[in-house]
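As a plain string of letters, each chain reads:
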Amino acid sequence: MSEISPALRHRRDMALPLEIAAAAALILFFAFWPPVHALDIRLESYLFDRETGQWLLPPQNRDLLYWLIYRGPKLALSVAGGAACLWLFLQALQRRWRPRHTQYALGLAVVALVPLISGLLKAVTGVSCPAQEAQFAGPYFHSDMVTRLLGSLPDNEHLRCWPAGHASAGFALIGLRLIAPPLMRSAFLYTMPGVAAGWLLGIYQMARGQHYLSHTFVTMAIAFVISSLACMWLARIEDRG
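Bear in mind that the values here come from a model prediction, so they are computed numbers and not experimental data.

Rules used in this analysis
- Residues numbered from 1 in each chain as written.
- Predicted model: local features only at pLDDT ≥ 70, side-chain atom pairs only at ≥ 80, totals over all residues.
- Heavy atoms only, no water.
- Helix = DSSP H or I, 4+ residues; strand = E, 2+ residues; numbered from the N terminus.
- Buried < 20%, exposed > 50% of the residue type's maximum accessible area, 1.4 Å probe, protein only.
- Contact = heavy atoms within 4.5 Å.
- Lys, Arg positive; Asp, Glu negative; His and termini not counted.
- Charge placed at Lys NZ, Arg CZ, Asp CG, Glu CD.
- Disulfide = S-S within 2.5 Å.
- 1 Å grid on protein atoms, 1.4 Å probe; cavity = no way out; pocket = protein on both sides within 12 Å on 5 of 7 lines; lining within 4 Å.
- Points joined across faces, edges and corners; volume = space filled by probe spheres on them.
- Nonpolar A, V, L, I, M, F, W, Y, C, P; charged D, E, K, R; others polar.
- Expected span 1.5 Å × (residues − 1).
- Arc of directions from axis to C-beta.
- Axes fitted to C-alpha atoms, helices over the stretch in contact; angles between N-to-C directions.
- Parallel < 35°, antiparallel > 145°, perpendicular 65-115°, else oblique.
- Left-handed = near helix turned anticlockwise from the far one by under 90°.

Draft legend 1. Examining the overall build of the protein more closely. Per the secondary structure count, the protein includes 8 helices and 2 strands. Start at the N end of the protein and walk to the C end: the helices and strands fall as α-α-β-β-α-α-α-α-α-α. Projected onto its principal axes, the C-alpha positions of the protein cover 65 × 35 × 30 Å. The proportion of buried residues among the 241 residues of the protein is 44%. In the protein, the proportion of contacts linking residues at least 24 apart, taken out of those at least 6 apart, comes to 73%. Counting 20 positive and 14 negative side-chain charges, the protein places the averaged centre of each group 12 Å from the other.

Draft legend 2. Expanded view of the state of the cysteines. Using the criterion set out here, one finds 1 disulfide in the structure. A sulfur-sulfur distance of 1.4 Å marks the disulfide that ties cysteine 129 to cysteine 161. Taking the sign of the S-S torsion, about -50° here, the bridge from cysteine 129 to cysteine 161 comes out left-handed. Of this pair, cysteine 129 sits in the loop between α4 (99-125) and α5 (145-150) while cysteine 161 sits in the loop between α5 and α6 (165-171), and the two are 32 residues apart along the sequence. Each member of the pair cysteine 129 and cysteine 161 is classed as buried.

Draft legend 3. Spatial organisation of the environment of alanine 169. By the element assignment, alanine 169 lies in helix α6. With 61 residues separating them in the primary sequence, alanine 169 and leucine 108 have C-alpha atoms 12 Å apart. Contacts of alanine 169, omitting those with residues within four sequence positions, involve Leu77, Pro115 and Leu201.

Draft legend 4. View of empty space enclosed by the protein. The final tally for this structure, using the stated rule, is 1 cavity of 30 Å³ or more. Around the largest cavity sit His37, Asp40, Val127, His142, Asp144, Met145, Trp162, Tyr212, Ser214 and His215, which together line it. Listing elements by their share of the lining of the largest cavity, those giving two or more residues are α2 (34-45) and α8 (213-240). Counted by class, the lining of the largest cavity contains 4 nonpolar, 4 polar and 2 charged residues.

Draft legend 5. Examining α2 more closely. With 12 residues, α2 extends 17 Å between its outermost C-alpha atoms, agreeing within 8% with the 16 Å of an ideal straight helix rising 1.5 Å per residue. Among the residues of α2, those classed as buried are Val36, His37, Asp40 and Glu44. All buried residues of α2 fall inside an arc of 100° around its axis, so they share one side. Where α2 is buried, its residues touch α1 (6-32), β1 (48-49), β2 (54-55), α5, α7 (188-207) and α8.

Draft legend 6. Region of the structure containing the packing of helix α3 (residues 64-93) against α7. Interhelical geometry of α3 versus α7 gives an angle of 120° and a closest axis separation of 11 Å. Comparing the axis directions of α3 and α7 gives the class oblique. α7 is crossed by α3, and the crossing has left-handed handedness. Note on element contacts: α7 touches α3 through Leu200, Leu201, Tyr204 and Gln205, opposite Leu65, Tyr66, Ile69, Tyr70 and Pro73. A breakdown of the residues in the contact of α3 with α7 according to their chemical character gives 8 nonpolar, 1 polar and no charged.

As structure tokens, then:
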């Protein structure tokens, strides 16, 4: 049985749904409120040199920064995730499973689901990257979630930029909150590594013309929705235990 008092359990049970609602509202705000898209374009224009037609960090560059911030995090996440899955499998196989392993498994599920869901959304939403748009020397018209909803532009299989897929590898680390004590799973200490990593990768992609600011905000909100749902599931398991 959980050692959390009824009052503290009630506070936890109220906080997680409110967090999900706030994250969902953030997604709607950054996806569909037109002034957000105007701000996106204004901010992105500071990262693009119209005279040379180059981004602050040219997408074609394969320098050290590219390997540290683009390829490196993806590789590290894949290797660490695979190793963690293998370790959990061995714990179950050897009948050493303990409650903490359930925490690790759900945290790992968040780490996997955030990039997966972001990638699936990218494949079907048909939103353009800044570097693809005519206003930034690209070949296509600007396409955001509002234009997609109104159907004012035809489908284009080359437009797959919403939400921010690369930043999802960083925001996936918000899943680390699952290893925290029950009342600490929304604490700054446990969520900050994922938030910081996600924004580092997101800003890097903005400087390469691969995403707008709103794309990264949406990905962060998706990560909070998924991790909060996982926290709610874990809380039920712990309360029953």
